[in-house]
Amino acid sequence: MNHLTVKVWRGGAEGAFQAFEVPRRASQTVLDVVTYIQRRLEPTLAYRFACRVGMCGSCAMTVNGRARWTCRTHIDLVLQEEKEITIAPLRNLPVIRDLVADMREFFDKWASAKGQFQGRLSRKDDFERIKPGEPERVQVDAGIECIGCAVCYASCDVVAWNPGYLGPAALNRAWTLTKDRRDQNRIERLRAVAGDAGCHACHTHMSCTERCPKHISPTAGIAGLKRESIRAFTGKAS
Amino acid sequence: MHAGTWAALVHRVSGILLVLFLPGHFIALGSALEGADQFDSFLAWTQQPLVKFMEWGIVLSLAAHLGGGLRVLALEFLPWRDWHKGLAAAAAAGAIAVSLAFALAL
Amino acid sequence: MTARAQAYLWLAQRASAAVLALCVVVHLATMIYAIRGGLSAAEILARTRGNVAWLAFYSIFVLMVAVHAPIGLRPVLAEWLRWRGASRDLFLLALALALAGLGLRAVLGVFL
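Each chain has its residues counted from 1, running along the sequence as written. Naming scheme: in the order in which they are written, chains are lettered from A and ligands are numbered from 1. Whole-chain, interface and lining totals are the exception, using all residues; otherwise, since this is a predicted model, local features are given only for residues with pLDDT of at least 70 and side-chain atom pairs are given and counted only at 80 or more.

## Remarks on the nonpolar core
What counts here: As used throughout, a nonpolar core is a set of buried Ala, Val, Leu, Ile, Met, Phe, Trp, Tyr and Cys residues joined through C-beta atoms within 7 Å of each other. A residue is called partly exposed when the number of other C-beta atoms within 10 Å of its own lies between 12 and 20, exposed at 12 or fewer, and buried at 20 or more, with C-beta atoms placed from the backbone. Labels follow the DSSP assignment, with helices taken as runs of H or I lasting at least four residues and strands as runs of E lasting at least two, numbered in each case from the N terminus. Here the bounds of each domain stem from an automatic or database domain assignment. Note that contacts rest on C-beta atoms placed from the backbone: two residues are in contact if these are within 7 Å.
One finds Ala60, Ile87, Ala150, Leu171 and Val193 of chain A together with Val65 of chain C to be the most contacted residues of the largest nonpolar core, which totals 104 residues. Ranked by the residues each element gives to this core, the list is headed by helix H3 (residues 52-80) of chain C, at nine residues. When residues of this core are assigned to domains, at least three map to each of domain 1 (3-101) and domain 2 (104-234) of chain A. Once you skip the residues sitting within four places of it in the chain, Ile87 of chain A turns out to touch Val6, Val8, Trp9, Val30, Val34, Met61, Val63 and Leu99 of chain A.

Have a look at this one:
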């Protein structure tokens, strides 16, 4: 039977990679491998997963230097380009243990960016009618499928360089809300996302767009936020 | 490292090089104020091969910075399309073309 | 820095970038043309001295650079040198003044 050598991060911020021999199987994913290790070889290995079918984003980790969903990353695909598999927790986030990253700052920044919808209608009012083809709705729809997996956040150089930077996911969500005409919090939200650690800190590396498993482009949304902030705060139409 | 990261880094590094170069450039040109002789002795210095090579480097930096800057402007102002990823390549091509023109003229 | 101030900085950066794009193209083309066959100071200055159009062009070029370079450097200092806060912004203001001063001196030296 074919075997695979896999290096897995053990420890917290300090630690080391531990090597395991795992049997190769057809259509094996990185999550399959991690699961095998924890169940058969090393019960103390800590890792996260939930749906295992590419819907929840919980299994995101760094595989051979790139942030990905491990349940949707086939071993065969990784081995086409490289000889070894190295699995580590997501970058740019504190490590709780082994492959588990502390997601709190990711969601705290989401809140700081005012990533919550604020409507004005009550159940007594009629619905706000928004046609799917409206230009603003099309822009919102392009970014609405985010499931908060933090792959973009882990891939962003500016997050690594600037500890306060809100990050692609939080800013993308702020963009979808800014463009939603039902939302009432536009100015406060723009104030929250257009400061020093906000949209203007994006330098269009586009790693977020490159890596997003949902094919969202946070860079596009952030560019939109830049234009909206000019409109809101300088009186120059953009 | 993918195209966008390279484009942004080249844009940044070329910008840094330009900021470091410009004060010297301004001071040297300001020597023209002292008269043609001062300026001539400066021009003679620029004929040295090492200096010519550095000048070419500055021209390359300027062209690269312009290319990277046009890419940023396109990404921030133009409607999003699939070709946005090719902007990095376009910026690089433009920069190389300009620096070649300069090198040939040297 | 407030959202409003950031918005103005971004606007100044993009506006100066647009003007500089034109200036740089003209400058590069002029330099490539001018350096063919070599130049002496007397030759250069003969063409440039008293030329008001070029004087105006390069003055604008210098002022745009004095706006664009410090704003561009600002995030680099924060992200790569961990320099943030008022001292960094004061340094950048000084840099802007230095670039404008040295640049305009050069423009006057060559074109006046």
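Let's pick the thread back up.
## Here's the deal with the interface of chain B and chain A
This is how the line gets drawn: Following the grouping adopted for this structure description, the nonpolar residues are Ala, Val, Leu, Ile, Met, Phe, Trp, Tyr, Cys and Pro, the charged ones are Asp, Glu, Lys and Arg, and the polar ones are all others, Gly among them.
With eight residues of chain B at the contact, the number on the chain A side is 12 residues. Every element with two or more residues in the side of chain B that touches chain A is listed here: helix H1 (3-30) and helix H3 (49-77) of chain B. Looking at the side of chain B that touches chain A, its residues break down into four nonpolar, three polar and one charged.

## Side note on the interface of chain C and chain B
Tallying the contact residues gives 27 residues for chain C and 26 residues for chain B. When residues of the side of chain C that touches chain B are traced back to their parent elements, those giving at least two are helix H1 (3-34), helix H2 (41-48), H3 and helix H4 (86-111) of chain C. The class makeup of the residues in the side of chain C that touches chain B is 20 nonpolar, four polar and three charged.

## Remarks on the sheet that holds strand S5 (residues 85-88) of chain A
Residue and element names in this part refer to chain A. For clarity, the threshold we go by: If DSSP finds at least two bridges between two strands, the strands pair. Lines fitted to C-alpha atoms define the axes, with helix axes restricted to the stretch in contact, and inter-axis angles between N-to-C directions lie between 0 and 180 degrees.
Judged by pairing direction, the sheet is mixed, and its five strands sit side by side in the order S2-S1-S5-S3-S4 without closing on themselves. Each edge of the open sheet carries a strand with a single partner, namely strand S2 (15-23) and strand S4 (66-69). Between one strand axis and the next, the sheet turns by 35° as a mean value, whatever way the strands run. In the sheet, strand S1 (residues 3-11) pairs with S5 via three bridges, with the strands oriented parallel. Pairing of Lys7 across the sheet is with Thr86, part of S5.

## Re the pairing of S5 of chain A
Relative to S5 of chain A, strand S3 (residues 60-63) of chain A is paired through two bridges, and the arrangement is antiparallel. Opposite Thr62 of chain A, over in S5 of chain A, you have Ala88 of chain A as the bridge partner.

## Overview of H1 of chain C
This is how the line gets drawn: Multiply 1.5 Å by the residue count of a helix minus one, and that product is the helix's expected span.
For H1 of chain C, with 32 residues, the first-to-last C-alpha span of 45 Å sits near the 46 Å given by 1.5 Å per residue. Residues of H1 of chain C that are buried make contact with helix H8 (186-193) and helix H10 (218-234) of chain A, H3 of chain B together with H3 of chain C.

## Comments concerning the packing of helix H7 (residues 168-178) of chain A against H8 of chain A
Residue and element names in this part refer to chain A. To be explicit about the condition: What sets the label is the angle itself: under 35 degrees gives roughly parallel, over 145 gives roughly antiparallel, 65 to 115 gives roughly perpendicular, and the rest give oblique. The handedness criterion is simple: a crossing whose near helix is rotated anticlockwise from the far helix by less than a right angle is left-handed, and one whose near helix is rotated clockwise is right-handed.
Relative to each other, H7 and H8 sit at 155°, their axes nearing to 10 Å. The orientation of H7 relative to H8 falls into the category roughly antiparallel. Both H7 and H8 take part in a crossing whose hand is left-handed. Counted together, Leu171, Ala174, Leu177 and Thr178 of H7 and Arg186, Arg189, Leu190 and Val193 of H8 form the full contact between these two elements. Grouping the constituent residues of the contact of H7 with H8 by class yields five nonpolar, one polar and two charged.

## A short note on the confidence of the model for chain B
Residues and elements named next belong to chain B. Operational definition: pLDDT expresses how confident the predictor is about each individual residue, on a scale running from 0 to 100.
In this model, chain B carries an average pLDDT of 83, and 91% of its residues clear a pLDDT of 70 or more. Looking over chain B, one finds the lowest element-wise mean pLDDT in helix H4 (residues 87-105), namely 75, and the highest in H1, namely 92. The complex model carries a pTM of 0.91, and its ipTM stands at 0.88.

## Brief notes about the packing of H8 of chain A against H10 of chain A
Residue and element names in this part refer to chain A. Where H8 meets H10, the axes come as close as 10 Å, and the angle between the chain directions of the two elements is 115°. Classified by chirality, the crossing of H10 by H8 is left-handed. In this structure, H8 contributes Ile187, Leu190 and Val193 to the contact, and H10 contributes Leu225, Glu228, Ser229 and Ala232. Class assignment of the residues belonging to the contact of H8 with H10 gives a composition of five nonpolar, one polar and one charged.

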